[in-house]
Structures are given as structure tokens and as C-alpha cells.
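The residues making up each chain are set out below.
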Amino acid sequence: MASQPKTKGLQELFHDTLKDIYFAEKKILATLPKMAKAAQSSDLKAAFEKHHSQTQEHVSRLEEVFAVIDKKPVGKTCAAIMGITEEGAEIMDEYKGSPALDAGLLAAAQAVEHYEISRYGTLRTWATELGLTEAANLLQMTLSEEEETDAALTELAESAVNIAAEAA
């Protein structure tokens, strides 16, 4: 009699999702310098540069989470982040030199942030449910930073970038 395949549980789902966000963070690391270079506003350029160094910390924290669950840090292609970064690249092409470029870059950056906030919130909750307190704490630190970045981008959009795009 053939044995039934083992049913995947929350632990496997946590590990798969961790691989997904690890891939996403690495992709974001590669994309942020391009966005900073394309940005016309010095404030937006600075925000992208700051988030780049933060993202390096996020990758390191994820590597610590992999260590907590005794797994090798490896990414799994994340279709969502590929699509979001592709949209950002299209905006850079289609709006180059336009007053609306920075507004589009900001919107793309916030789509990334919202994806990350969703993933980190979920992973933190699952880590807690799995009794992985250290992992949950590391994930919460990154979640808080992603929320702060999102709030800073919203502030930048509302205070300057959208107004400049609208005035053109």
C-alpha cells in the first residue's frame, strides 16, 4: 500500500513565504538604486537611498530568521514583486523627464511597501503561532520599519511630489 504524501502545514507555509520575501527583498535591493537615480526630487532620491540601506538590514534579519528555523537562506521567485518592479520600470520609461515621474515612482514604491507590510505581518503572526518568538521579534522589527517607510512616502507624496506633478 502506497503511503500518503505528508500534508504540508503552517511550518512549511512559513518557510515558503520566508523564501518568497527573501527573494523580494533581494529584488528590491537591486531596484532601489535605479529608482533613486530616476527620481527628480532630491527628497525622493534620499528616501530611496535610505530605504536601500534599510533593505540591506531586512535581508540580514531574514537570514537570522532562516537560522532560527535551521534552514538555508534561499529565495523563491516571487511573481508579485516581479510584477510590481516591472510596473516601476515602465513608469521610469514612460514618464522620464515628466513632472509626473516622481509621483509614479512614489506610487510604485508604495505598492512595494504594501506588499512587504502584508508579508511581514503574516510571517510575524505565523512565527508567533509556531512558537518562534525570536523570529516573530525580528519580523516585527522589519514590519515596523516598512510601516514607517510607507508613512514617510505618503508624507512626501502629499507634501511635495503630487503637488509638483499636478502643477505641471
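Residues numbered from 1 in each chain as written. Predicted model: local features only at pLDDT ≥ 70, side-chain atom pairs only at ≥ 80, totals over all residues. Heavy atoms only, no water.

(A) Representation of the overall build of the chain within the structure. What the chain contains, in helices and strands, is five helices and zero strands. When each of the 168 residues of the chain is scored for burial, the buried share is 42%. A separation of at least 24 residues holds for 80% of the contacts in the chain among residues at least 6 apart in sequence. Each charge class in the chain was averaged separately, 16 positive and 28 negative side chains, and the resulting centres sit 9 Å apart. (Helix = DSSP H or I, 4+ residues; strand = E, 2+ residues; numbered from the N terminus. Buried < 20%, exposed > 50% of the residue type's maximum accessible area, 1.4 Å probe, protein only. Contact = heavy atoms within 4.5 Å. Lys, Arg positive; Asp, Glu negative; His and termini not counted. Charge placed at Lys NZ, Arg CZ, Asp CG, Glu CD.)

(B) Highlighting a negative patch on the surface. A cluster of like negative charges, contributed by Glu86, Glu87, Glu90, Asp93 and Glu94, occupies part of the molecular surface. Its place among the elements puts Glu86 in helix α3 (residues 79-94). (Patch = residues over 30% accessible without salt bridge, like charges linked within 9 Å, V, L, I, M, F, W, Y side chains within 5 Å. Areas by Shrake-Rupley, 256 points an atom, 1.4 Å probe, with all protein chains shown as cover. Salt bridge = Lys/Arg side-chain N within 4 Å of Asp/Glu carboxyl O.)

(C) Quick peek at the nonpolar core. Judged by nonpolar contacts, the single largest core of 43 residues is most densely connected at Phe14, Leu18 and Phe48. Of all the elements in the fold, those that place two or more residues in this core are α1 (10-38), α2 (42-68), α3, α4 (101-129) and α5 (133-167). Among the elements that take part in this core, α4 stands out by supplying eleven residues, more than any other. Those residues in contact with Phe14 that sit more than four places away from it in its chain are Val65, Ile69, Leu123, Trp126, Ala127, Leu130, Leu132 and Leu139. (Core = buried A, V, L, I, M, F, W, Y, C linked by side-chain atoms within 4.5 Å.)

(D) Spotlight on empty space enclosed by the protein. Applying the stated criterion across every chain, the model contains one cavity of 30 Å³ or more. In this structure, the largest cavity encloses a volume near 150 Å³. Taken together, 17 residues line the largest cavity, and the ones lying closest to its centre are Leu32, Met35, Ala108, Ala109 and Val112. Counting residues per element, the ones that place at least two in the lining of the largest cavity are α1, α2, α3, α4 and α5. Looking at which element gives the most residues to the lining of the largest cavity, the answer is α3, with five residues. Across the lining of the largest cavity, the residue classes break down as eleven nonpolar, five polar and one charged. (1 Å grid on protein atoms, 1.4 Å probe; cavity = no way out; pocket = protein on both sides within 12 Å on 5 of 7 lines; lining within 4 Å. Points joined across faces, edges and corners; volume = space filled by probe spheres on them. Nonpolar A, V, L, I, M, F, W, Y, C, P; charged D, E, K, R; others polar.)

(E) Summary view of the packing of aromatic side chains. If you walk through the whole model with that rule in mind, you get one aromatic pair. Centroid distance Tyr22 to Phe66: 5.3 Å. Interplanar angle 80°. Geometry classified as edge-to-face. Note that Tyr22 is positioned in helix α1 and Phe66 in helix α2, a separation of 44 residues in sequence. Each member of the pair, Tyr22 as well as Phe66, carries the same accessibility label: buried. (Phe/Tyr/Trp six-rings, centres within 6.5 Å; stacked < 30°, edge-to-face > 60°.)

(F) Here's a closer look at the packing of α1 against α3. Interaxial distance between α1 and α3 falls to 10 Å at its minimum, and their mutual angle equals 10°. Between α1 and α3, the angle falls in the class roughly parallel. Judged by residue contacts, Phe23, Ala24, Lys27, Ile28, Thr31, Lys34, Met35 and Ala38 of α1 engage Ile81, Met82, Thr85 and Met92 from α3. Split by residue class, the contact of α1 with α3 holds eight nonpolar, two polar and two charged. (Axes fitted to C-alpha atoms, helices over the stretch in contact; angles between N-to-C directions. Parallel < 35°, antiparallel > 145°, perpendicular 65-115°, else oblique.)

(G) Focus on the layout of surface pockets. Considering only enclosed or pocket space, the largest pocket measures out at about 170 Å³ in volume. What lines the largest pocket is Asp43, Ala47, Lys50, His51, Gln54, Glu148, Thr149, Ala152, Leu153 and Leu156. Broken down by secondary-structure element, the contributors of at least two residues to the lining of the largest pocket are α2 and α5.

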